[in-house]
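Per-entry structural report
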Amino acid sequence: MKTKLLVLMLVGHLGYAHAKEDLATALDTTPTPKSHSIDFIDKNLKLTLACTEGNTQPILNVTMAESFAFSGDPSVLIISSDKQNRVKLRGTATLMNFTSGDKTDPDLWENLSKLQSPALHLEVISFRSSKYTSSDLAAAGFTAAVAKLKQDCIQ
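These lines cover the structure that appears in this document, whether it is placed above or below. (Residues numbered from 1 in each chain as written. Predicted model: local features only at pLDDT ≥ 70, side-chain atom pairs only at ≥ 80, totals over all residues. Heavy atoms only, no water.)

Turning our attention to the packing of aromatic side chains. Evaluated as defined, the whole model comprises 1 aromatic pair. Considering the side-chain rings of Phe40 and Phe142, the 5.2 Å spacing of their centres and the 50° angle between planes classify their relative orientation as tilted. In this pair, Phe40 is assigned in strand E1 (residues 35-42) and Phe142 in helix H3 (residues 142-153), connecting sequence segments 102 residues apart. The same class applies to Phe40 as to Phe142, namely buried. (Phe/Tyr/Trp six-rings, centres within 6.5 Å; stacked < 30°, edge-to-face > 60°. Helix = DSSP H or I, 4+ residues; strand = E, 2+ residues; numbered from the N terminus. Buried < 20%, exposed > 50% of the residue type's maximum accessible area, 1.4 Å probe, protein only.)

Here you go:
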């Protein structure tokens, strides 16, 4: 009998603590920053630029058509519009996905806006697997979309 009562008291106390935590979360009025993103999709390739209001740099995510990495591989993404305009970003890759680091390039917005071409060439290299993959992406309106995203994020 004592064991059952002790278990019921413990369950009741845990339920009270959980309800108190839920109430505190519900009453939290701290505004959460808005997230913004744009996607460029072409065939089996997807490039996403995302940011949160207040952050100074965007995060780039790329999904390629074929696997080039293991899991959490240190990698680099190279985006080029011609021989003179290139952006190189360090990040991590898992299978077919690359994600840039949050502090990869101090002038990333400016460098992305220099990629003025209807088609971009993307190449991702995994240092751990020693594999790479590349593809062309139809990106009409890329420069205008980057400018709009920057305006939305840096307020």
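Attention now moves to the pattern of salt bridges. A complete count under the given rule lists 3 salt bridges for this structure. Its salt-bridge partner being Asp73, residue Arg128 comes within 2.9 Å of it at the nearest N-O pair. In this pair, Arg128 sits in the loop between strand E7 (119-126) and strand E8 (132-138) while Asp73 sits in strand E4 (residues 73-80), placing the two residues 55 residues apart along the sequence. (Salt bridge = Lys/Arg side-chain N within 4 Å of Asp/Glu carboxyl O.)

Tallied over the full model, the rule gives 1 disulfide. Note that Cys51 is cross-linked by a disulfide to Cys153, the S-S spacing being 1.5 Å. Linking Cys51 in strand E2 (residues 45-52) with Cys153 in helix H3, this pair joins segments that are 102 residues apart in sequence. The same class applies to Cys51 as to Cys153, namely buried. (Disulfide = S-S within 2.5 Å.)

When a strand is regular, its side chains alternate between the sheet's two faces. As paired strands, E7 and E8 are joined by 7 bridges and run antiparallel to one another. Along E8, the bridge assignment pairs His121 with Asp136. Connecting E7 to the antiparallel partner E8 that follows it, the hairpin turn spans 5 residues, and Ser130 within it adopts a positive phi of roughly 60°. (Pairing = 2+ DSSP bridges.)

With that settled, the discussion passes to the sheet that holds strand E5 (residues 86-94). In space, the 8 strands of this open sheet follow the order E1-E2-E3-E6-E5-E4-E7-E8, with antiparallel pairing throughout. Every interior strand has two partners, whereas the edge strands, E1 and E8, have only one. Ignoring strand direction, the axes of neighbouring strands in this sheet form an average angle of 25°. The sheet contact formed by E4 and E7 spans 6 bridges and is antiparallel. Residue Leu77 lies in a different strand from E7, and its bridge partner there is Val124. (Axes fitted to C-alpha atoms, helices over the stretch in contact; angles between N-to-C directions.)

With that settled, the discussion passes to the environment of Ala144. Within the fold, Ala144 resides in helix H3. Ala144 gets classed as exposed once you look at its relative accessible area, which sits at 55%. Taking the C-alpha atoms as reference points, Ala144 and Gln116, 28 residues apart in sequence, are found 9.4 Å from one another.

Structural measurements only, silent on function.
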